Amino acid sequence: MNKIINTLREKKFIPLDRFINIALYDKKFGYYMKKNPFGKKGDFITAPLISNLFSEMIAVWCVAFWEHLGKPNKILLVELGPGDGTLCKDLIKTFKKFKDFYNSLEINLFEISNKLKKIQKIKINSKKVKWIKKIEEINYGPVIFFGNEFFDALPIKQIYKKKNNFFEKYVALTTNEKNIKFLHKKANNNLIKCIKDLNLISIGDTIEYPLEALKFLKQISKKINKFDGGLLTIDYGYTLKKNQNTLQAVKKHNYLDIFFKPGHSDITSHINFKLFSKSLSEDNLAVKKITTQSEFLKKVGILKRADILSKKMTFKEKANMFYRLKRLIDPKEMGDRFKVIFAQKKGKIFSLGF
Ligand SMILES: C[S@@+](CC[C@H](N)C(=O)[O-])C[C@H]1O[C@@H](n2cnc3c(N)ncnc32)[C@H](O)[C@@H]1O
């Protein structure tokens, strides 16, 4: 908290995205930089930790996409924000069953947190894996970018629209300097132009502008256009055109105010998938379709796989597996809330999962 207080004392106010960036990713103070937040004992749980069936489906999808690309003898998989490394570890286990694919494969992990990198290194322990600091470092392909809950963990800007005026949300200290509050300041012309160009001013008074996510999408598109390949990403998000305020903080599996102990809770927002699709298409990629996590996993074959595995299981193991499967695909749980988008270099279209 001190880092935020000191910054706000010094600067008086900072844009919301800068606040989120300090709260989550400041080298010393940031939430992701000092703890492992995942799992039952942590603050939240993600799909790869719920069931390794999730990772198996991603692995099968990657192998099928590689086949679609003509089985190149070098294929690079880049995982965006690998968390505690569970997905990568489980992917490698499945990839080993596909010998030709496995022999062609190298994996790059794109991770900002040194704390998480250490955890990933211990968990994964594979010569196939290297860590990269920047997307620009990628210098060969074809490349498959995959992210699960990467984009929803990136800082966003919020713009408040009142009649035809636009105000950017800033963060400041209250007069007694004990709490943090929002401030609205007239948005600058550049920012207004960006949100107008992106058609973000339709219905609703809070406009979310994922500046950092859009920068990453541009860098990723550039690599895919250059080296061939695609981007598959899964996130909590929506496809409605309506603008909404989706900012939230989570600690110990409960929602709380984003100003309550920043640096000690996760802060996320929901992804505007139509905006992602627009950005990727404008960067000349072919976007197949946006689908739900439920549809995607079912189309890749998660039900069949669970059925096969269940044949050798005890009743207790079966119950556990199907309970976890339900969490992934039930529309009332993660099934509909999480969406999947796939974009690839223009040409022949790959449609597994969509
Ligand atoms: C919500 S977690 C998702 C973890 C994992 N994919 C999973 O499903 O369990 C977000 C991940 O993205 C990483 N991350 C966030 N911002 C990043 C950035 N700018 N560059 C690289 N990694 C980043 C975080 O440190 C964390 O590993």
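Just so we're clear, the structure is a prediction, and the values are computed from it rather than from any experiment.

Undergrad: Explain the pairing of strand E11 (residues 248-251) to me, using residue names and the numbers behind them.
TA: Taken together, the three bridges between E11 and strand E13 (residues 266-268) define a ladder with antiparallel strand orientation. Bridging from a neighbouring strand, Val250 pairs with Asp266 of E13. As paired elements, E11 and strand E12 (residues 254-256) share three bridges and run antiparallel to each other. Along E12, the bridge assignment pairs Ala249 with Leu256. Hairpin connection from E11 to E12: two residues lie between these consecutive antiparallel strands, with Lys252 at a positive phi of about 45°.

Undergrad: How would you explain the site of the ligand if you had to name every residue and give the values?
TA: Tyr25, Thr46, Gly81, Glu111 and Asn148 are the nearest of the 20 residues found near the ligand. Within the backbone of Ile112, one N or O atom sits 3.2 Å away from a nitrogen atom of the ligand. Taking Asn148, its main chain carries an N or O atom lying 2.7 Å from a nitrogen atom of the ligand. Within the complex, 97% of the 600 Å² of free accessible area of the ligand lies under protein. Mapped onto the shell around the ligand, the elements with two or more residues apiece are helix H4 (47-50) and helix H10 (211-227). When its residues are assigned to classes, the shell around the ligand shows 13 nonpolar, four polar and three charged.

Undergrad: So, helix H5 (residues 52-68): which residues are in play, and what are the values?
TA: Relative to the 24 Å expected for 17 residues at 1.5 Å per residue, H5 spans 24 Å between its end C-alpha atoms, a close match to the ideal helical length. Counting buried residues along H5, 14 of its 17 residues qualify, which places the element largely inside the surrounding structure. Looking at where H5 begins, the residue whose side-chain oxygen comes 3.0 Å from the main-chain nitrogen of Leu53 is Ser51.

Undergrad: A description of the nonpolar core should follow, citing residues and the corresponding values.
TA: Counting residues in hydrophobic clusters, the biggest one holds 47 residues, and the most contacted among them are Ile58, Trp61 and Phe95. Considering every element that reaches this core, the biggest residue donor is H5, with 11 residues. Setting aside residues up to four positions removed in sequence, Ile58 forms contacts with Leu87, Leu91, Phe146, Leu232, Ile234 and Phe296. Ranked by size, the runner-up nonpolar core spans 39 residues in total, among them Ile207, Tyr209, Ile341 and Ala343.

Cut-offs and rules
- Residues numbered from 1 in each chain as written.
- Predicted model: local features only at pLDDT ≥ 70, side-chain atom pairs only at ≥ 80, totals over all residues.
- Heavy atoms only, no water.
- Pairing = 2+ DSSP bridges.
- Helix = DSSP H or I, 4+ residues; strand = E, 2+ residues; numbered from the N terminus.
- Near = heavy atom within 4 Å.
- Polar contact = N/O pair within 3.5 Å; in protein donor to acceptor, adjacent residues only side chain to side chain.
- Areas by Shrake-Rupley, 256 points an atom, 1.4 Å probe, with all protein chains shown as cover.
- Nonpolar A, V, L, I, M, F, W, Y, C, P; charged D, E, K, R; others polar.
- Expected span 1.5 Å × (residues − 1).
- Buried < 20%, exposed > 50% of the residue type's maximum accessible area, 1.4 Å probe, protein only.
- Core = buried A, V, L, I, M, F, W, Y, C linked by side-chain atoms within 4.5 Å.
- Contact = heavy atoms within 4.5 Å.

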